[in-house]
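# Notes for the structure review
Residue strings, one per chain:
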Amino acid sequence: MAKILITGGAGYIGSHIVNLLGSSDHEMIIYDDLSTGRRASVVAGKLIVGELEDIEKLEDLIEKENFDACIHFAGSIIVPESVTNPLKYYNNNTQNTLDLLNLCTEYGINKFIFSSTAAVYGEPEGGVCTEETPQNPINPYGRTKLMTEWMLQDIAAAHKDFEFIVLRYFNVAGGSIDGKVGQCSPLSTHLIKLACEAALGKREKLSIYGNDYETRDGTCIRDYIHTDDLAQAHVDGLTYLLNGGKSEILNCGYGDGFTVQEVVDVVKKVSGVDFTTEIVGRRAGDPGMLISKADKIGKVLGWKPKHNDLELIVKTAYEWEKNL
Ligand SMILES: NC(=O)c1ccc[n+]([C@@H]2O[C@H](COP(=O)([O-])OP(=O)(O)OC[C@H]3O[C@@H](n4cnc5c(N)ncnc54)[C@H](O)[C@@H]3O)[C@@H](O)[C@H]2O)c1
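Keep in mind it's a predicted model, so treat the numbers as computed, not measured.

### A word on the overall build of the chain
Across its full length, the chain carries ten helices and 15 strands. Based on the C-alpha atoms only, the size of the chain along its principal axes is roughly 55 × 40 × 40 Å. The long-range share in the chain, meaning contacts at least 24 apart out of those at least 6 apart in sequence, stands at 79%. Taken as a whole, the chain presents about 13900 Å² of accessible surface, with 48% of it coming from carbon and sulfur. Side chains of the chain give 31 positive and 46 negative charges; the mean places of these two sets differ by 3 Å.

Right under this line is the structure:
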């Protein structure tokens, strides 16, 4: 049994890990300022409402609790906002993570799991990314995430006991199979959530950004991963680190992809609603295809995804959205 600090555990992805870890014998303390998360999404563990920037409060907690590991989800995640307000992202994602890492090294929290993103790859040639694909983020959000990856690598090189797992998430989607948690993020830009909102009449129409890419139907291809499988990757990563595993950077995706139009068709099928879509221009920096080469995570962590099924992903997202 270990004691785990989970920052951002009241948010979309963090709440799925908290839900899954709730059935383990690990003890969890969730530190979250509820800026985009919700109290009701913390279905296990103990929630402390606090900001990462409140270093005194965070230090008091870390000093008192003697954590074995930290899973760090807290951050700002909206790519267009990171372009218009980059300092918010450098403050929340870079500065706050640096402060957290200072406390971790000071108080001996030597196992660290970090939520990174496929955005670190930018617009990769060929569209399929291994962990070695050059990292060229094209927006402040992606750059802040890559900066944390660099900090972690440098800390691990300097402190022989410090080990991390960086998980580079591809397109996270769906809600938990048990229906307990799902996506509540305000101002979400996630296709499946937006399409479900359109199907439920919560938005007038769904915009499709470009249908002139070199893909099977002209719309962008992405690698959608179900939140429960992503949660399992964190639990596997935690087990790996607690058993003495070494630092690794791992892609989190299924290694295949669907076009935007295919996703829209599945949402229409699942909901039974032929909602309105409109083709608008391409968004700057949207690669035609972004798919993970995802075999490394299976080899290193023994991770075996169970929900690689677009219809199931959409069903869980739709059911959650309906009941929100
Ligand atoms: N959602 C995705 O598709 C996706 C993809 C790649 C990476 N990620 C990363 O995963 C992590 C979680 O993303 P999410 O989708 O769950 O987002 P989210 O906004 O739902 O969750 C973030 C959580 O962190 C909390 N938080 C934010 N800033 C804080 C601060 N300064 N102090 C304390 N708490 C704070 C929020 O209240 C929220 O509960 C982020 O680091 C994000 O960059 C997400």
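Picking up where we left off.
### Quick notes on the domain arrangement of the chain
Domains assigned within the chain are domain 1 (3–172 + 224–252) and domain 2 (175–223 + 255–322). Computed from C-alpha atoms alone, the centre-to-centre distance between domain 1 and domain 2 is 23 Å. At the junction of the two partners, domain 1 supplies 43 residues and domain 2 supplies 41 residues. Surface buried jointly by domain 1 and domain 2 totals about 3600 Å² across both partners, of which 64% is contributed by carbon and sulfur atoms. Lys296 is the salt-bridge partner of Glu248, the closest N and O atoms lying 3.2 Å from each other. Here domain 1 is connected to domain 2 by 15 residue pairs in polar contact (both at pLDDT 80 or more). Among the secondary structure elements, those contributing two or more residues to the side of domain 1 that touches domain 2 are α1 (12–21), β6 (128–129), β7 (163–169), β8 (171–173), β11 (224–226), α7 (227–242) and β12 (248–252). Among the elements that take part in the side of domain 1 that touches domain 2, α7 stands out by supplying eight residues, more than any other. Across the side of domain 1 that touches domain 2, the residue classes tally to 20 nonpolar, 15 polar and eight charged.

### Section: the state of the cysteines
Considering all chains together, one arrives at zero disulfides under this definition. Note on Cys184: no disulfide assigned, nearest cysteine sulfur contributed by Cys196 at a separation of 13 Å.

### Here's the deal with the site of the ligand
In the vicinity of the ligand there are 29 residues, among which Asp32, Thr36, Tyr141, Lys145 and His190 approach most closely. Take Leu52: an N or O atom from its main chain is 2.9 Å from a nitrogen atom of the ligand. In the complex, 96% of the free accessible area of the ligand, which totals 820 Å², lies under the protein chains. Counting only elements with at least two residues in the shell around the ligand, the list comes to α1, α4 (86–106), β5 (111–117) and α5 (140–158). Examining the composition of the shell around the ligand, we find that three residues originate from one element, β5, more than from any other. Of the residues assigned to the shell around the ligand, the class counts are eleven nonpolar, 13 polar and five charged.

### Considering the sheet that holds strand β15 (residues 289–292)
The four strands lie next to each other as β6-β15-β10-β13, forming an open sheet whose pairing is mixed. Among the strands making up the open sheet, the edge pair consists of β6 and β13 (258–259).

### Some words on the pattern of salt bridges
Evaluated as defined, the whole model comprises 21 salt bridges. Linking Glu197 and Lys193 is a salt bridge whose minimum nitrogen-to-oxygen distance equals 3.3 Å. Here Glu197 and its partner Lys193 are both found in helix α6 (residues 191–199), four residues apart, which amounts to about one turn of the helix. One exposure class covers both Glu197 and Lys193, and it is buried. The partner of Glu262 in a salt bridge is Arg216, with the nearest N and O atoms 2.7 Å apart. Placement of the pair is Glu262 in helix α8 (residues 260–271) and Arg216 in the loop between β9 (205–209) and β10 (221–222), with a sequence separation of 46 residues. With relative accessibility at 23%, the residue Glu262 sits in the partly exposed group. One salt-bridge network, in which partners are shared between bridges, spans Lys193, Glu197, Lys202, Arg203 and Glu321.

### Here we look at the packing of aromatic side chains
Applying the stated rule across the entire model yields three aromatic pairs. Measuring from centroid to centroid gives 6.5 Å for Tyr89 and Tyr141, while their planes differ by 85°, and the two rings are edge-to-face. Taken together, the residues span a long stretch of sequence, with Tyr89 in helix α4 and Tyr141 in helix α5 at a distance of 52 residues. Here Tyr89 and Tyr141 have matching classes, each one buried. Note on Tyr121 and Phe170: the rings are 6.2 Å apart at their centroids and 35° apart in plane angle, and the pair reads as tilted. Note that Tyr121 is positioned in the loop between β5 and β6 and Phe170 in the loop between β7 and β8, a separation of 49 residues in sequence. Of the two residues, Tyr121 and Phe170, both sit in the buried class. A cation over a ring is seen here: Lys268 above Phe275, with NZ or CZ 5.2 Å from the ring centre. Taking NZ or CZ as reference, Arg282 lies 3.9 Å from the ring centre of Tyr213, over its face.

### Section: the side chain of Ser188
With respect to the secondary-structure elements, Ser188 resides in the loop between β8 and α6. A distance of 3.4 Å separates the side chain of Ser188 from the side chain of Gln183, its partner in a polar contact. At 2.9 Å, the side chain of Ser188 and the side chain of His190 are in polar contact. Among residues more than four places away in sequence, those in contact with Ser188 are Gln183, Lys193 and Leu194.

Conventions and cut-offs
- Here the residue numbering is sequential within each chain, running from 1 through the sequence in written order.
- Residues qualify for local features only when their pLDDT is at least 70, as the model is predicted, and side-chain atom pairs are given and counted only at 80 or more; totals for whole chains, interfaces and linings, by contrast, use all residues.
- Where side-chain values are given, they derive from all heavy atoms of the structure, hydrogens and water being excluded.
- Counting from the N terminus, the helices are DSSP H or I runs at least four residues long and the strands are E runs at least two residues long.
- Note on contacts: a residue pair qualifies if any of its non-hydrogen atoms lie within 4.5 Å across the two residues.
- Reported accessibility uses the Shrake-Rupley method at a 1.4 Å probe radius. Residues are deemed covered only where the shown protein chains occlude them.
- For the purpose of counting charges, residues Lys and Arg are taken to be positive, whereas Asp and Glu are taken to be negative. His and the chain ends are not included.
- By convention, the point assigned to a charge is CZ for Arg, NZ for Lys, CD for Glu and CG for Asp.
- Note: domain ranges come from an automatic or database domain assignment.
- Throughout, the accessible surface (probe 1.4 Å) given up by two parts as they are put together, summed over both, is called the buried area.
- The term salt bridge refers to a side-chain nitrogen of Lys or Arg lying within 4 Å of a carboxyl oxygen of Asp or Glu.
- Here a polar contact is recorded for every N or O atom pair within 3.5 Å, except that within protein the pair must consist of a potential hydrogen donor and a potential acceptor, and residues adjacent in sequence are included only if both atoms are side-chain atoms.
- Three categories are distinguished: nonpolar for Ala, Val, Leu, Ile, Met, Phe, Trp, Tyr, Cys and Pro, charged for Asp, Glu, Lys and Arg, and polar for the others, with Gly belonging to the last.
- By definition, disulfides here are pairs of cysteine sulfur atoms that lie within 2.5 Å.
- We call a residue near a molecule or strand whenever a single non-hydrogen atom of that residue lies within 4 Å of it.
- Paired strands, in this sense, are two strands between which DSSP finds at least two bridges.
- A 1.4 Å probe rolled over the protein chains alone gives each residue an accessible area, and that area as a share of the maximum for its type sets the label: buried under 20%, exposed over 50%, partly exposed in between.
- Only rings of Phe, Tyr and Trp enter the pairing, Trp through its six-membered ring, and a pair is recorded when the two centres are within 6.5 Å. The plane angle decides the type: under 30 degrees is stacked, over 60 is edge-to-face, the rest tilted.
- Charge-over-ring contacts are defined here by two conditions on Lys NZ or Arg CZ: a distance within 6 Å of the ring centre and an angle within 35 degrees of the ring normal.

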